Amino acid sequence: MEKEIRKRIDVKSMTLPELEEELVSTGEKPFRARQMYEWMHVKLARGFDEMTNLSKALREEYKGRFTYTALRAVRVQESKIDGTKKFLFELSDGNLVESVWMQYKYGNSVCISSQVGCRMGCAFCASALGGLERNLTPGEMLDQIYAVTLLTGERVSNVVVMGTGEPLDNYDNLLKFIRMLTDQHGLNISQRNVTVSTCGLVPQMKQLAREKLQITLALSLHAVTDEKRMQLMPIARRYSIDELMETCAYYFQETGRRITLEYSLVSGVNDSQRDAEKLCRLARPLHCHINLIPVNPVTERDFVQPDLSGIRAFQNILEKNKINGSIRREMGRDIDGACGQLRRRYM
Ligand code: SAH
């Protein structure tokens, strides 16, 4: 009667040392953990039944002891323009997340979600519309990449955490995810090929700086005055642009890694010549790279992109000021490109 029901452990979110400790605690040899870790994170097994060098009895025992994250694709959309693929995955609790697979000259890149929904409330963003449901586990972040690898049959070389959610609002899970993704016993992706995008949570940015990772941190700036930024991003009420720029300098000082500034161009809102000039003044001391993203129209919102000549004019000002900037090529325009749109439509 009193028998304690042990909570099953989320095995795909365990680091190799954690898994070793867990298995050794019940009398297994450490090599068993390495074997299982390889099944999960290198061979990308979808469940214990695929772990054929484990006895049937052991596999059954593990099914009772662990939960095993394996996302199920419920929708796949492929762009006819550029081959970009967008995946809608169902999590074990029925929640849905989106991931995007993009092919570039230098390799394949996957954009993953870090949360179900988001609580940052940015005005132009589809992911913010329903608020935050929950954080994703490290295993759920990893498995977006694993599932996409299996479904496309192609190796992933770059990972960007720019899908739904604010990654630094899910800090501990994000860190564990990055460490496991770049672990030599796992997919072993280079830290330099991982980008994390944040709306600018200053304390977490400082904390991240002290981890001394070699990842790229991208800051979603989108406006050059606090007043305008507040209209677009509620988080701007908490942290000023001055504070953000100081934090970027600190990040560079601690890690030696240059920050990328993301700037979504919205017609008539943040695309004037003065905006461009101020953006140059902000970027110069930090040697930032600037990513210009023509705002993606979201059904529920009425933000519009500047026309092509407006975008070019903005970029020309950056060039004249010798600021490193590029217009983000729009990928998968024909397949609900903007974050969170596929999920919303499906729901
Ligand atoms: N929360 C993180 C990461 C997710 S959003 C962040 O804020 O950075 C990834 C990027 O897409 C951010 O720069 C975000 O501001 C931008 N974005 C969101 N919706 C957009 C839209 N409709 N058009 C253009 N960029 C958008």
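Details of the structure are given in the entry above.
Notes on the structure follow. (Residues numbered from 1 in each chain as written. Predicted model: local features only at pLDDT ≥ 70, side-chain atom pairs only at ≥ 80, totals over all residues. Heavy atoms only, no water.)

### Here's the deal with the pairing of strand E9 (residues 158-161)
- Going residue by residue along E9, you find Asn158 and Val160 tucked away on one face and Val159 and Val161 tucked away on the opposite face as well.
- When strand E6 (residues 107-111) meets E9, the two strands line up parallel, connected through three bridges. Counterpart to Val110 in the pairing with E9 is Val159.
- Relative to strand E10 (residues 194-198), E9 is paired through three bridges, and the arrangement is parallel. (Buried < 20%, exposed > 50% of the residue type's maximum accessible area, 1.4 Å probe, protein only. Helix = DSSP H or I, 4+ residues; strand = E, 2+ residues; numbered from the N terminus. Pairing = 2+ DSSP bridges.)

### Structural notes on the environment of Lys63
- Examined against the element boundaries, Lys63 turns out to sit in helix H3 (residues 56-65).
- Sequence separation between Lys63 and Arg8 is 55 residues; the distance between their C-alpha atoms is 8.8 Å.
- If we ignore the near neighbours within four places in the chain, the residues touching Lys63 are Arg8, Phe48 and Asp49. (Contact = heavy atoms within 4.5 Å.)

### A few points about the packing of aromatic side chains
- Under the criterion given, the structure shown has eight aromatic pairs.
- Relative to Phe89, the ring of Phe87 lies with its centre 5.8 Å away and its plane at 5°, an arrangement referred to as stacked. For the pair formed by Phe87 and Phe89, the shared burial category is buried.
- A ring pair is formed by Phe124 and Phe303, whose centres lie 6.5 Å apart and whose planes are at 75°; its orientation type is edge-to-face. Separated by 179 residues along the polypeptide, Phe124 in the loop between strand E7 (115-117) and strand E8 (132-135) and Phe303 in the loop between strand E13 (289-294) and helix H10 (308-320) bring together distant segments of the chain. With respect to burial, Phe124 and Phe303 carry one shared label: buried.
- Taken together, the ring pairs connect Phe48, Tyr62, Phe66 and Tyr68 into an aromatic cluster.
- Between the NZ or CZ atom of Lys43 and the centre of the ring of Trp39, over which it lies, the distance is 3.9 Å. (Phe/Tyr/Trp six-rings, centres within 6.5 Å; stacked < 30°, edge-to-face > 60°. Lys NZ or Arg CZ within 6 Å of the ring centre and 35° of its normal.)

### Concerning the side chain of Asn158
- On the secondary structure map, Asn158 appears in strand E9.
- Among the polar contacts made by the side chain of Asn158, one reaches the side chain of Ser157 at a distance of 3.0 Å.
- Excluding residues that lie within four positions of it along the chain, Asn158 makes contacts with Tyr106, Asn108, Ser109, Val110 and Asn193. (Polar contact = N/O pair within 3.5 Å; in protein donor to acceptor, adjacent residues only side chain to side chain.)

### What to know about the packing of helix H5 (residues 171-181) against helix H6 (residues 202-211)
- For the pair H5 and H6, the least separation of the axes is 12 Å and the interaxial angle reads 25°. What the angle tells us is that H5 and H6 run roughly parallel. As H5 runs across H6, the sense of the crossing is right-handed. Within the contact between the two elements, H5 uses Tyr171, Leu175 and Arg179 and H6 uses Gln204, Gln207, Leu208 and Glu211.
- Tallied by class, the residues present in the contact of H5 with H6 amount to three nonpolar, two polar and two charged. (Axes fitted to C-alpha atoms, helices over the stretch in contact; angles between N-to-C directions. Parallel < 35°, antiparallel > 145°, perpendicular 65-115°, else oblique. Left-handed = near helix turned anticlockwise from the far one by under 90°. Nonpolar A, V, L, I, M, F, W, Y, C, P; charged D, E, K, R; others polar.)

### Details of the site of the ligand
- Within the structure, the ligand sits among 17 residues, and Glu166, Ser197, Ser220, His222 and Asn296 are positioned closest to it.
- Note that a nitrogen atom of the ligand is positioned 3.0 Å from one of the backbone N or O atoms of Phe124.
- Contacts to the ligand include Ser197, whose side-chain N or O atom sits 2.6 Å from an oxygen atom.
- Here the ligand, which alone exposes 530 Å², has 94% of that area covered by the protein.
- Elements that contribute at least two residues to the shell around the ligand include exactly E10 and strand E12 (260-265). (Near = heavy atom within 4 Å. Areas by Shrake-Rupley, 256 points an atom, 1.4 Å probe, with all protein chains shown as cover.)

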